[in-house]
Amino acid sequence: MNVFKFNPKNYSNQFAMYGFVHIENGVNPEFLQYAKEIANQLVEKDKQLKEWGIKGKKLQYLMEFPENTDFPNELFDVVSKVSGLERDNFTLCERHIKVYEDVADNTPPPHKDRLASQVTVAIPLEVPKDSYLILYPEDHLTINPF
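Residues numbered from 1 in each chain as written. Predicted model: local features only at pLDDT ≥ 70, side-chain atom pairs only at ≥ 80, totals over all residues. Heavy atoms only, no water.

Draft legend 1. Geometry of the packing of aromatic side chains. Across all of its chains, the model carries 7 aromatic pairs by this definition. Here F4 and F6 contribute two aromatic rings whose centre-to-centre distance is 5.5 Å and whose plane-to-plane angle is 70 degrees, an arrangement assigned as edge-to-face. Just as F4 is buried, F6 falls in that class too. Measuring from centroid to centroid gives 6.3 Å for Y18 and F20, while their planes differ by 45 degrees, and the two rings are tilted. Since its relative accessible area comes to 52%, Y18 is described here as exposed. F20 gets classed as partly exposed once you look at its relative accessible area, which sits at 28%. In this structure an aromatic cluster arises from ring pairing among F31, Y34, F65 and F71. (Phe/Tyr/Trp six-rings, centres within 6.5 Å; stacked < 30°, edge-to-face > 60°. Buried < 20%, exposed > 50% of the residue type's maximum accessible area, 1.4 Å probe, protein only.)

Here you go:
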């Protein structure tokens, strides 16, 4: 099963120009359905174990890719073609499913480890009608001393 359904070369110029790219409907619908089902199973299992510990926070789970997915190779191949980074030097640092409580901040600050990663890929599993994409390409460009 492929994760993506777009030609990465179609986005490499935009990435080179702006340092980021937003690819609408770039995820294979079959993979998206799989990921949603896994997320729902994890959340339901977790709900049986505990309530939200801190209001406005998130639950986080390790994403297990289907056996018939060429993971991580497909991810590395696509990201390297979009970003222009050397494929052989990739390291995957996280692969989480994150579930936010309904009252979570809808404009959270950038992640504190922002300079530890050259490229971040996010695949939203559910997008509420009134949601919007927030990018911080010009914010917090200094090294986080903490």
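Back to the write-up after that little detour.
Draft legend 2. View of the confidence of the model for the protein chain. Per-residue confidence for the protein chain averages 83 on the pLDDT scale, and 79% of its residues sit at or above 70. Put simply, strand β1 (residues 58-62) is where the protein chain has its lowest mean pLDDT, 82, and helix α3 (residues 73-83) is where it has its highest, 95. (pLDDT = per-residue confidence, 0-100. Helix = DSSP H or I, 4+ residues; strand = E, 2+ residues; numbered from the N terminus.)

Draft legend 3. A look at the pairing of β1. Residue alternation in β1 divides its side chains into a buried set, L59 and Y61, and an unburied set, K58, Q60 and L62. In the sheet, β1 pairs with strand β2 (residues 96-100) via 5 bridges, with the strands oriented antiparallel. For Y61, the partnering residue across the bridge sits in β2 and is I97. (Pairing = 2+ DSSP bridges.)

Draft legend 4. Representation of the side chain of E74. Counting through the fold element by element, E74 comes out in helix α3. The buried charged residue E74 lacks any salt bridge partner; its closest oppositely charged side chain belongs to K81, at an N-O distance of 9.8 Å. (Lys, Arg positive; Asp, Glu negative; His and termini not counted. Salt bridge = Lys/Arg side-chain N within 4 Å of Asp/Glu carboxyl O.)

Draft legend 5. Spatial organisation of the nonpolar core. Core analysis: the largest hydrophobic core is formed by 23 residues, its most contacted members being F4, F31, Y34, M63 and I97. Elements with a minimum of two residues in this core: α2 (29-49), β1 and α3. Considering every element that reaches this core, the biggest residue donor is α2, with 6 residues. Ignoring any residue separated from it by four or fewer positions in sequence, one finds F4 in contact with G26, V27, N28, E74, L75, V78, V121 and I123. (Core = buried A, V, L, I, M, F, W, Y, C linked by side-chain atoms within 4.5 Å. Contact = heavy atoms within 4.5 Å.)

Draft legend 6. Geometry of the environment of N10. With respect to the helices, strands and loops of the structure, N10 is situated in the segment before α1 (12-18). What makes N10 exposed here is its relative accessible area of 58%. Put simply, N10 and K81 are 71 residues apart on the chain and 9.4 Å apart in space, counted from C-alpha to C-alpha.

Draft legend 7. Representation of the pattern of salt bridges. Summed over all chains, the structure comprises 2 salt bridges. The partner of E64 in a salt bridge is R95, with the nearest N and O atoms 3.7 Å apart. Pair noted here: E64 is in the loop between β1 and α3 and R95 is in the loop between α3 and β2, with a separation of 31 residues, a long-range link. For R87, the salt bridge goes to D77, with nearest N and O atoms at 2.6 Å. Residue R87 is found in the loop between α3 and β2, and its partner D77 is found in helix α3; the two are separated by 10 residues along the sequence.

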